Amino acid sequence: MTAEAIEAGPRGGVTGGDDLPLRIALLTYKGNPFCGGQGVYVRHLSRELARLGHRVEVIGSQPYPVLDDGVPLTELASLDLYRQPDPFRTPKRDEYRDWIDALEVATMWTGGFPEPLTFSLRARRHLAARRGDFDVVHDNQTLGYGLLGDLGAPLVTTIHHPITVDRQLELDAAPDWKRRASVRRWYAFTRMQKRVARRLPSVLTVSGTSRDEIVEHLGVRQDRIRVVHIGADTDLWSPDPAVPEVPGRIVTTSSADVPLKGLVHLVEALAKLRTENPDAHLVVVGKRAEDGPVAQAIERYGLDGAVRFVKGITDAELVDLYRGAQVACVPSLYEGFSLPAAEAMATGTPLVATTGGAIPEVAGPDGETCLAVPPSDAGALAAALGRLLGDAGAELRTRLGTAGRARVLDRFTWARAAQGTAELYREAIAARGARR
């Protein structure tokens, strides 16, 4: 970029330049760092962008993200209608602040999910009040109407994968018309996301599979999409021979009991596996649902003592959980990337993963860096898990674990993700300058 393309921004910022620090507003309508990829994405990307010298401010709603030192959080509070232990709550009269709050409650009352729209409206109002503070606005899959038009800075949007995929999988799993009607209403916001996505000038996604799905499902032009792989914090997620291996332990991460995550198939596989290996047991990082397909499967197969759910643990405890496992498993029917796969591989823990969505793009070839099985196939899952648990000399487990970590170090780190994302910011800034 030439010197003529560098334009000094207000308060000393820039609207171009390849080596000058940028002022970044990173928006996230939800940011739970312990379950769900969006919070993990915001935490690690913001940290690595700051390490590159950029000034990153995360603007988020509940559940608020946990951020590393040096990255400030601006809380853009919603009414937090889905918080525990009182989800789908009705706010008290004195909690209402404006018409956006009323819209949020009305949408919930009628069975819809309001947060992408209402957060986008609050974010637009906030950015208008701070016009000139940022060189670029980065939206983390809100895709709300409030983010269309002039935000005072160019917009880059991450779409991890189209939520229409989740919607279709839940419709396919719905047992009756009442449940299908409920699913359609809940996912009504995806119509908005489709309309918004088609008008976005700069889209970032995390895998080639997600790029293809965004083109097909959302109608975004392929030339507007850039793939920037994300990855693991390889300093935190690393092998530690001092952590003892727990015989029979299988570990998985599942943020919710929804068909997309395939946890019910892993529970079925465990039941099959325990007929030959009674030591086999499953640790699920996530909240236990009191009802639903997974709870029903655990009861049906008598696995209550063989399946344990953990949540709210520290990063160090989570990593040690994976280090101590003989096998990590990603049973999802579809993933736009699969952070759990990358993180498990980074610890050197051998991985069994399905071939759903972008998982093979992360996990690599069957038999080289993982054992790969078809989605929804409990028998294939049981066979692959049994092969690794029954690896008496641990030769296969060691080989897959070593190759898996090498693959992550080579391709999937947050430092590489931040570098690629910053390049896209500069392209968006330059394109905006060229249009003026």
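Up top you'll find the structure we're talking about.
It should be emphasised that the depicted structure is a prediction, and the values quoted were computed from it without experimental measurement. The written sequence of each chain sets the order in which its residues are numbered from 1. Only residues with pLDDT of 70 or above have their local features reported here, since the model is predicted, and side-chain atom pairs are shown and tallied only from 80 upward, although totals for entire chains, interfaces and linings are computed over all residues. To get the side-chain values, all heavy atoms of the structure are used, and hydrogens and water are removed first.

Novice: Can you walk me through the pairing of strand β1 (residues 23–28) in this structure?
Specialist: Regular strands place their side chains on alternate faces of the sheet. Each residue's exposure class comes from its accessible area (1.4 Å probe, protein chains only) as a fraction of the maximum for that residue type: buried when under 20%, exposed when over 50%, partly exposed otherwise. Segments assigned H or I by DSSP are reported as helices when at least four residues long, segments assigned E as strands when at least two residues long, and all are numbered from the N terminus. Counted residue by residue, β1 has 6 buried out of 6 residues, so it is predominantly covered. Here β1 shows a buried face lined by Arg23, Ala25 and Leu27 and a second buried face lined by Ile24, Leu26 and Thr28. When β1 meets strand β2 (residues 55–60), the two strands line up parallel, connected through 6 bridges. What sits directly across from isoleucine 24, in β2, is valine 56. Only when DSSP finds a minimum of two bridges between them are two strands counted as paired. Here β1 runs beside strand β4 (residues 136–140); their pairing, made up of 4 bridges, is parallel. Residue alanine 25 lies in a different strand from β4, and its bridge partner there is valine 137.

Novice: Whenever I open this one, a positive patch on the surface confuses me. Can you help?
Specialist: Like-charged residues within 9 Å of one another, or nonpolar side chains (Val, Leu, Ile, Met, Phe, Trp, Tyr) within 5 Å, are grouped into patches, provided each residue has over 30% relative accessible area and no salt bridge. Exposure was quantified through the Shrake-Rupley algorithm and a 1.4 Å probe, taking into account, for residues, occlusion by the shown protein chains and nothing else. When a carboxyl oxygen of Asp or Glu is within 4 Å of a side-chain nitrogen of Lys or Arg, the pair counts as a salt bridge. Residues scored as charged are limited to Lys and Arg (positive) and Asp and Glu (negative), so that His and the chain ends carry no count. Charge positions come from single atoms, namely NZ of Lys, CZ of Arg, CG of Asp or CD of Glu. Taken together, the side chains of Arg185, Arg191, Arg195 and Arg198 present a region of like positive charge at the surface. Locating arginine 185 in the fold gives a position in helix α5 (residues 177–186). Owing to a relative accessible area of 32%, arginine 185 belongs among the partly exposed residues under this scheme.

Novice: Explanation requested: the packing of aromatic side chains in the structure shown.
Specialist: The description of an aromatic ring pair uses the distance of the two centres, along with the angle that the planes make with each other. Working definition: rings of Phe, Tyr and Trp (its six-membered ring) pair if their centres are within 6.5 Å, and the pair is stacked with planes under 30 degrees apart, edge-to-face with planes over 60 apart, and tilted otherwise. Enumeration according to the criterion identifies 11 aromatic pairs in this entry. With a centroid separation of 5.2 Å and an interplanar angle of 90°, the aromatic rings of tyrosine 82 and phenylalanine 88 are classed as edge-to-face. Here the aromatic residues Tyr29, Tyr82, Phe88, Phe113, Trp186, Tyr187 and Phe189 are joined through ring pairs into a cluster of three or more.

Novice: Explain helix α2 (residues 99–109) here, please?
Specialist: In an α-helix, one full turn covers 3.6 residues, which means residues spaced three or four apart are oriented alike. Every buried residue of α2 is accounted for by Ile100, Asp101, Glu104, Val105, Thr107 and Met108. Taken down its axis, α2 places every buried residue within 160° of arc, on the same side. Exposed side chains of α2 directed beyond 90 degrees from the buried face belong to Trp99 and Trp109. Contacts from the buried residues of α2 go to α3 (115–129) and α5. Side-chain atoms alone can form a polar contact between residues adjacent in sequence; in general such a contact is a pair of N or O atoms within 3.5 Å, and within protein one must be able to donate a hydrogen while the other accepts it. N-capping of α2 is provided by aspartate 98, with a side-chain oxygen placed 3.1 Å from the backbone N of isoleucine 100. Positive phi shows up at glycine 111, right after α2, with a value of about 85°. It is the directions from the helix axis to the C-beta atoms whose arc is reported. In this description, contact between two residues means that some pair of their heavy atoms is separated by no more than 4.5 Å.

Novice: Just checking my understanding: could you explain empty space enclosed by the protein for this structure?
Specialist: Unfilled space is identified by rolling a water-sized probe across the atoms. Lining residues are defined by having an atom within 4 Å of a point belonging to a cavity or pocket. Those points lie on a 1 Å grid over the protein atoms alone, cavities being sets where a 1.4 Å probe fits but cannot get out and pockets being open sets with protein on both sides within 12 Å along at least five of seven lines. Grid points are joined across faces, edges and corners, and a volume is the space filled by probe spheres set on the points. Inspection of the entire model under this criterion finds 2 cavities of 30 Å³ or more. Counted as a void, the largest cavity has a volume near 90 Å³. Broken down by element, the residue count for the lining of the largest cavity peaks at 3 residues, all from helix α9 (residues 293–300). Each residue is assigned to one of three groups, with Ala, Val, Leu, Ile, Met, Phe, Trp, Tyr, Cys and Pro labelled nonpolar, Asp, Glu, Lys and Arg labelled charged, and all others, Gly among them, labelled polar. Looking at the lining of the largest cavity residue by residue, the classes come out as 8 nonpolar, 2 polar and 3 charged.

Novice: Explanation requested: the sheet that holds strand β8 (residues 249–253) in the structure shown.
Specialist: Paired through their backbone hydrogen bonds, the strands of a sheet run either parallel or antiparallel. With respect to topology, 6 strands assemble into an open sheet ordered β10-β9-β8-β11-β12-β13, the strand pairing being parallel. If you trace the sheet from one side to the other, it starts and ends with β10 (307–310) and β13 (371–373), each paired once. Each adjacent strand pair in this sheet contributes to an overall mean axis angle of 25°, direction not counted. Between the N-to-C directions of two axes lies an angle of 0 to 180 degrees, each axis being a line fitted to C-alpha atoms and, for a helix, fitted only over the stretch in contact. Across the sheet, helix α13 (residues 378–389) lies against β8, β11 (327–330), β12 (351–354) and β13, angled at about 165° from β13, the strand it touches most.

Novice: Would you mind showing me how to read the side chain of arginine 249 here?
Specialist: Relative to the helices and strands, arginine 249 is located in strand β8. Once you skip the residues sitting within four places of it in the chain, arginine 249 turns out to touch His281, Val283, Arg308, Asp320, Leu321, Gly324, Ala325, Gln326 and Val327.

Novice: Just to check I follow, could you spell out the sheet that holds strand β6 (residues 203–205) for this structure?
Specialist: Pairing is parallel in the open sheet, where 7 strands are placed in the order β3-β2-β1-β4-β5-β6-β7. The open sheet is flanked by β3 (73–75) and β7 (225–227), the only strands paired with a single partner. Averaged over neighbouring strand pairs, the angle between their axes works out to 25° when direction is ignored. Pairing between β2 and β3: 3 bridges, direction parallel.

Novice: Just checking my understanding: could you explain unusual backbone geometry for this structure?
Specialist: Peptide bonds are trans in most cases, and residues, glycine excluded, mostly fall at negative phi. Here the amide bond leading from glutamine 62 into proline 63 is cis, since omega sits at -10°, within 30 degrees of zero. By secondary structure assignment, the location of proline 63 is in the loop between β2 and β3. Cis geometry marks the peptide bond from glutamine 84 to proline 85; its omega dihedral reads 10°. Checked against the element boundaries, proline 85 lands in the loop between β3 and α2. Despite not being glycine, phenylalanine 88 shows a phi value in the positive range, around 60°. Here phenylalanine 88 shows up in the loop between β3 and α2. Of note in this structure, glutamine 141 is not a glycine but carries a positive phi near 60°. The topology assignment puts glutamine 141 in the loop between β4 and β5 (155–158). Taking relative accessible area as the criterion, glutamine 141 reaches 2% and is therefore assigned buried.

Novice: In this structure, what is going on with the pairing of strand β9 (residues 281–285)? I would like to understand it.
Specialist: For β9, the tally of buried residues reaches 4 of 5 residues, placing the bulk of the element in the interior. Here β9 pairs with β10 via 4 bridges, running parallel. Note on β10: the bridge partner recorded for valine 283 is arginine 308. Note on handedness: a clockwise path from strand one over the helix to strand two, with the strands aimed away from the viewer, defines a right-handed crossover. Between β9 and its parallel partner β10, the chain crosses via α9, and the hand of that crossover is right-handed.

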